[in-house]
Amino acid sequence: MSRVLIVGAGIGGDALALMLDRAGWDVTVVEIAPELRAGGQTVDLRGDSREVLNRLGLLDECLLHLVDQRGLAWIDESGERRAAMPVEAFGGQGFVSSEELLRTDLARIIHAASGPRTEHRFDDTVAQLTENAHGVHVTFRRHESETFDLVVGADGTHSRVRSLAFGPESDFRHPLGLAHAWFTLRETATTPSVEGWSLMCNAVGARVIGARPGHPGEQEVGLTFPADTLPSRKDAEARFALLERVFADTGWRTREFLDASRSAADFALDTYDQIHVDRWHRGRVVLLGDSAWCASPLSGLGTALALQGAESLAAALDGAVPDDLEQALDAYEREMRPRTTAAQKMYPGRVRSYAPRTRRGIATMRFVMRVLQTRPIAALITRAVADYGRAPAAIESDAALLQTTR
Ligand SMILES: Cc1cc2nc3c(=O)[nH]c(=O)nc-3n(C[C@H](O)[C@H](O)[C@H](O)COP(=O)(O)OP(=O)(O)OC[C@H]3O[C@@H](n4cnc5c(N)ncnc54)[C@H](O)[C@@H]3O)c2cc1C
């Protein structure tokens, strides 16, 4: 076993490429985008991601790219602040932390560390996978077909590898009832500053408009709304028209964001989905990251799980030969399954607490955020967090309030 094809140069795919390259594999990574995909909001370095990045030797580089953040503030449609949680809340374990970097930067750092045995092929994807006695014969859209010992589908929630080897997306997709558009807004002389705060504006009808700090001179914008399905990716106009319709009557900076969305290079729109696959490998094809277990952005754990999954898979494959491949992939699944199952569990009302439907719901959510930070309750939470050693899952998951998936 020495030749692996990884489909998807995202966080999980490139992290696995780096680990397998170091273990002596010949690695080919095929990515459908013409270059490394930029975009996305922030990745929290307080939890498991930090440990994996440290073991990879990339943590110091990541820490050089932290976003300058002051906290999370809930504002109303006139821009008035109604509640806030600074990064210092709960002993530094609040929803937004001072240890976050943009997903774009994390992807770039992992990619830049690629080893000498790794070849990246951009602007291409797999067209067909056929397993035979020698491996998996792969037909590409653009490159010549080839045979690999192993194929890893690290191609995200809408995985093509999963469709080809496991079945149609509808068999695995569990929509959560929300959709999200996100993009980078370049500031001009007239752009209101977010002053280091992640600003979140809830509007009736489970709509959320957000802007948070990005690279200097940029803001990361998000628009969340109820939807299980969206117009086709090929019909950009229908997608922008949908946003115009849904956000026609919301205030604050909505108009500015809708106008800016059309010219944003990294504009993306997707539903919030979970992916449930009973078994992550079939023969010599295995899934990793969102393609296998997407827990949705509401979990706040997508990147941590992709990094842990890459590490677990690389360890399981260490020294594997074709005869014990099945055992190696079972070991990977045994290690990761409990973590992904836990991440996919959402407490009742999770979606509604992020995007309340009514005025009363919005007011209650802001009230709860203020109460949580009153002295006795904040002290209790801070102590609980300190005893636990890190942010409890509920807090970690709420750190994802402004983050979303592809
Ligand atoms: C541009 C972008 C922005 C994101 N923003 C956020 C965010 O703000 N907050 C958040 O919580 N999560 C975000 N995510 C998702 C987050 O990166 C993942 O949940 C997590 O890192 C798991 O990583 P993954 O490797 O499974 O998938 P991803 O990091 O999503 O990577 C999947 C890769 O596969 C590629 N790909 C897709 N289809 C094919 C195909 N057919 N052939 C070849 N390659 C393919 C994609 O272009 C992408 O590069 C974003 C993902 C992307 C791609």
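Keep in mind the model is a prediction, meaning the values are calculated, not measured.

Some thoughts on the packing of helix 1 (residues 11-22) against helix 5 (residues 103-112)
Link 1 in the chain: In contact at an axis separation of 9 Å, helix 1 and helix 5 are set at 20° when each is read in the N-to-C sense. In terms of their interaxial angle, helix 1 and helix 5 are classed as roughly parallel. The two elements helix 1 and helix 5 meet at a crossing, and its hand is left-handed. Facing helix 1, whose interface residues are Ile11, Asp14 and Ala15, helix 5 presents Arg103, Leu106, Ala107, Ile110 and His111.
Link 2 in the chain: Residues of the contact of helix 1 with helix 5, tallied by class, amount to five nonpolar, one polar and two charged.

Some words on the environment of alanine 203
Link 1 in the chain: Turning to its location among the elements, alanine 203 is positioned in strand 13 (residues 197-203).
Link 2 in the chain: Judged by its relative accessible area of 1%, alanine 203 falls in the buried class.
Link 3 in the chain: Each C-alpha atom of the pair alanine 203 and phenylalanine 247 lies 9.4 Å from the other, and the pair is 44 residues apart in sequence.
Link 4 in the chain: Those residues in contact with alanine 203, other than ones at most four positions away along the chain, are Glu77, Thr250, Pro356 and Ile362.

Thoughts on the sheet that holds strand 17 (residues 281-282)
In sheet architecture, strand pairing relies on hydrogen bonds along the backbone and comes in two forms, parallel and antiparallel.
Link 1 in the chain: The strand order across the open sheet built from six strands is 7-2-1-11-18-17, with neighbouring strands paired in mixed fashion. Each end of this open sheet is capped by a strand with a single partner; those strands are strand 7 (118-122) and strand 17.
Link 2 in the chain: Pairing of strand 11 (residues 150-153) with strand 18 (residues 285-287) involves three bridges; the strand directions are parallel. Note that in strand 18 the partner of glycine 153 across the bridge is leucine 287.
Link 3 in the chain: The strands touched by helix 1 within the sheet are strand 1 (3-7), strand 2 (26-31), strand 7 and strand 11, with strand 2 carrying the most contacts at an inclination of about 165°.

Brief notes about the sheet that holds strand 5 (residues 81-86)
Link 1 in the chain: In spatial order, the strands read 5-4-13-14-15-12-16; together these seven strands make up an open sheet with mixed pairing. The open sheet is flanked by strand 5 and strand 16 (268-275), the only strands paired with a single partner. Put simply, the sheet's adjacent strands are angled 20° from each other on average, direction ignored.
Link 2 in the chain: Across five bridges, strand 13 lies against strand 14 (residues 207-213) in antiparallel orientation. Following the sheet pairing, leucine 199 is matched in strand 14 by alanine 211.

Rules behind the numbers
Once a new chain begins, its residue numbering starts again from 1 and follows that chain's sequence as written. Per-residue local features of the predicted model are confined to residues with pLDDT of at least 70, and side-chain atom pairs are confined, for both listing and counting, to 80 or more; whole-chain, interface and lining totals are unaffected and use all residues. Derived side-chain values reflect all non-hydrogen atoms in the structure, with water molecules and hydrogen atoms excluded from consideration. For helices, the axis comes from a line fit to the C-alpha atoms of the stretch in contact; other axes are also lines fit to C-alpha atoms, and the angle between any two N-to-C directions lies between 0 and 180 degrees. Helix and strand definitions here come from DSSP, where helices need a minimum of 4 consecutive H or I residues and strands a minimum of 2 consecutive E residues; each element is numbered from the N-terminal end. Should an angle fall under 35 degrees it is called roughly parallel, over 145 degrees roughly antiparallel, and 65 to 115 degrees roughly perpendicular, with every other angle called oblique. Here is the rule for handedness: rotate from the far helix to the near one, and if that takes an anticlockwise turn smaller than a right angle the crossing is left-handed, while a clockwise turn gives right-handed. Whether two residues are in contact is decided by their heavy atoms, any of which lying within 4.5 Å being enough. Asp, Glu, Lys and Arg are counted as charged, while Ala, Val, Leu, Ile, Met, Phe, Trp, Tyr, Cys and Pro are counted as nonpolar; the rest, among them Gly, fall into the polar class. Any residue under 20% of the maximum accessible area for its type is buried, any over 50% is exposed, and the rest in between are partly exposed; the area is computed with a 1.4 Å probe on protein chains only. By the convention used here, strands pair only if DSSP detects at least 2 bridges between them.

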